Amino acid sequence: MTLRARLARPLLAGALAAGLLAGGLALAGAAPDSDAATPTTAATSAAASGTADGGEPVAAAAAQSRASVYPSRIMTWNLYAPGSAGPEDYAKEIATYRPQVLGVQEGCRGAVQKTVEILKTTYHLTYNVAYGTALNDRINCGLWGGNAYGQAILSAAPITDKGNQLYPDGGTEERAYMWVTTLLDGKPVRVYNTHLAQAGQSDVRAKQVEHLLKAIGTQKRAVVLGDFNSRPQAPELAALWNAGLRDADPACGKTPRADCRPTADASPVRKKFDYILLLGINPPGVTVRDSVHSDHDIVHSTLDL
């Protein structure tokens, strides 16, 4: 998404409250897939009100004295800062889907911190968080409460190491990739999260992909999350497919099938921009859920490591 598009978005009251005061990004939540194992403390009453699409009743989840995540679920979500949504909205979405690991893009640190706090106090979901600042942005993140803008990774398991690196060329706006090592399905895995350059800059994105692949290096098993601002067949993504990375959705690859689902509102038509890329892990398929809080869908997958 272009910087011009973001700057043109109206800073509604919600954005002022969440973006200006909280100044940040935050996420973490999950809803069961039909093939996902049920968390040990998941709510099971279908009679509870407030059931979200693809998820368990939010009211029931919030009422639990102790909640749990889906231990093999990983999720990616572009938060659309500075949209009108705030940490309460983010937390509600995350609590619906309850992923073990979540990568967010277009996030502000203050909002993320607040989201994690709400997840713990309201939904009884505890997440560790690492931040991947790309730039200090007082337009997208507000004049008060923090202005670190970029990516974040939330994990229900401990994060044993982490890092963040700016791309040498961000294009029209600074861009970065980050990484953590954490547990997914009880097994250690390196998780990367990135947001590639905006539309009309395929040459810049190609260089960013090269740097990302160098960072992944000789990893045998890894997950790469992010908003790549490119369709699967775009030339700048070819190096990813050639390096052995595969989208969690088998329909989406170097030559995507007709059933490769779009995930972002990108004029003039919706496009596949959001990825869960896997290295050394078999693609199990994905669930794509519309979010009223962002111009990007929520994408999650249940992995078998």
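S.K.: For this particular structure, what's the right way to read the overall build of the chain?
M.R.: Per the secondary structure count, the chain includes seven helices and 14 strands. Per-residue burial for the chain yields a buried fraction of 57% across its 305 residues. Taking as baseline every contact in the chain between residues at least 6 positions apart, the subset at least 24 positions apart corresponds to 74%. When the accessible area of the chain is evaluated, it comes to approximately 12,100 Å², of which 53% is carbon and sulfur surface.

S.K.: I keep staring at the pairing of strand S12 (residues 274-279) and nothing clicks. Help me out?
M.R.: Successive side chains on a regular strand alternate, one facing one side of the sheet and the next facing the other. The buried count for S12 comes to six of six residues, which makes it a mostly enclosed element. For strand S8 (residues 222-227) and S12, the ladder comprises six bridges, and the chain directions are antiparallel. Considered in S12, the bridge of Ala222 is made with Leu279. Of the strand pairs in this sheet, strand S9 (residues 246-247) and S12 are connected by two bridges, and their pairing is antiparallel. Following the sheet pairing, Asp247 is matched in S12 by Leu277.

S.K.: Explanation requested: the confidence of the model for the chain in the structure shown.
M.R.: Do not read the fine detail of predicted coordinates wherever pLDDT is low. Put simply, the chain has an average pLDDT of 83, and 77% of its residues get 70 or more. Counting interchain partners and residues more than four positions distant, the pLDDT-below-50 stretch residues 2-37 has 145 contacts. Here residues 40-54 is a poorly scored stretch, pLDDT under 50, and it has 30 contacts once near neighbours within four places are set aside; other chains count.

S.K.: Please explain the packing of aromatic side chains as it appears in this structure.
M.R.: For any two aromatic rings, the description comes down to two numbers: the centre-to-centre distance and the angle of the planes. All told, the structure shown has five aromatic pairs when counted by the stated rule. Ring centres 6.0 Å apart and planes at 90° place the aromatic pair Trp77 and Tyr90 in the edge-to-face group. With Trp77 in strand S1 (residues 70-78) and Tyr90 in helix H4 (residues 87-97), this residue pair connects regions lying 13 residues apart in the sequence. Each of the two residues, Trp77 as well as Tyr90, counts as buried. The side chain of Arg73 reaches across the aromatic face of Tyr70, ending 4.4 Å from its centre. Taking NZ or CZ as reference, Lys272 lies 4.6 Å from the ring centre of Tyr275, over its face.

S.K.: Would you mind going over the side chain of Lys271 with me for this structure?
M.R.: Considering the arrangement of structural elements, one finds Lys271 in strand S11 (residues 269-271). It turns out Lys271 is buried and unbridged, and the closest side chain with the opposite charge, Glu236, is 10 Å from it. Residues contacting Lys271, with those up to four places away along its chain left out, are Arg231, Pro262, Thr263, Ala264 and Ala266.

S.K.: Honestly, the sheet that holds strand S7 (residues 187-195) in this entry has me stumped. Any pointers?
M.R.: Taking strand neighbours across the sheet as the criterion, the six strands line up as S5-S6-S7-S8-S12-S9 in an open arrangement whose pairing is mixed. Single-partner strands in this sheet number two, and they are strand S5 (161-166) and S9. One ladder, built from six bridges, connects S5 with strand S6 (residues 176-184); its direction is antiparallel. Considered in S6, the bridge of Gly163 is made with Trp179.

S.K.: Please clarify how the state of the cysteines should be interpreted in this entry.
M.R.: Under the criterion given, the structure shown has two disulfides. In this model Cys108 forms its disulfide with Cys141; the gap between the sulfur atoms is 2.0 Å. Across the S-S bond of Cys108 and Cys141 the torsion is about -85°, and the bridge reads as left-handed. In this pair, Cys108 sits in strand S2 (residues 99-108) while Cys141 sits in the loop between strand S3 (128-136) and strand S4 (148-155), placing the two residues 33 residues apart along the sequence. No difference in accessibility class separates Cys108 from Cys141, as the two residues are buried. There is a disulfide in this structure between Cys252 and Cys260, and the S-S distance comes to 2.0 Å. Judged by the sign of its S-S torsion, about 110°, the bond between Cys252 and Cys260 is right-handed. Across the pair, exposure class does not vary: Cys252 and Cys260 are buried alike. For the chain, numbering the cysteines in disulfides from first to last along the sequence yields the connectivity 1-2, 3-4.

Definitions and cut-offs
- Residues numbered from 1 in each chain as written.
- Predicted model: local features only at pLDDT ≥ 70, side-chain atom pairs only at ≥ 80, totals over all residues.
- Heavy atoms only, no water.
- Helix = DSSP H or I, 4+ residues; strand = E, 2+ residues; numbered from the N terminus.
- Buried < 20%, exposed > 50% of the residue type's maximum accessible area, 1.4 Å probe, protein only.
- Contact = heavy atoms within 4.5 Å.
- Areas by Shrake-Rupley, 256 points an atom, 1.4 Å probe, with all protein chains shown as cover.
- Pairing = 2+ DSSP bridges.
- pLDDT = per-residue confidence, 0-100.
- Phe/Tyr/Trp six-rings, centres within 6.5 Å; stacked < 30°, edge-to-face > 60°.
- Lys NZ or Arg CZ within 6 Å of the ring centre and 35° of its normal.
- Lys, Arg positive; Asp, Glu negative; His and termini not counted.
- Salt bridge = Lys/Arg side-chain N within 4 Å of Asp/Glu carboxyl O.
- Disulfide = S-S within 2.5 Å.

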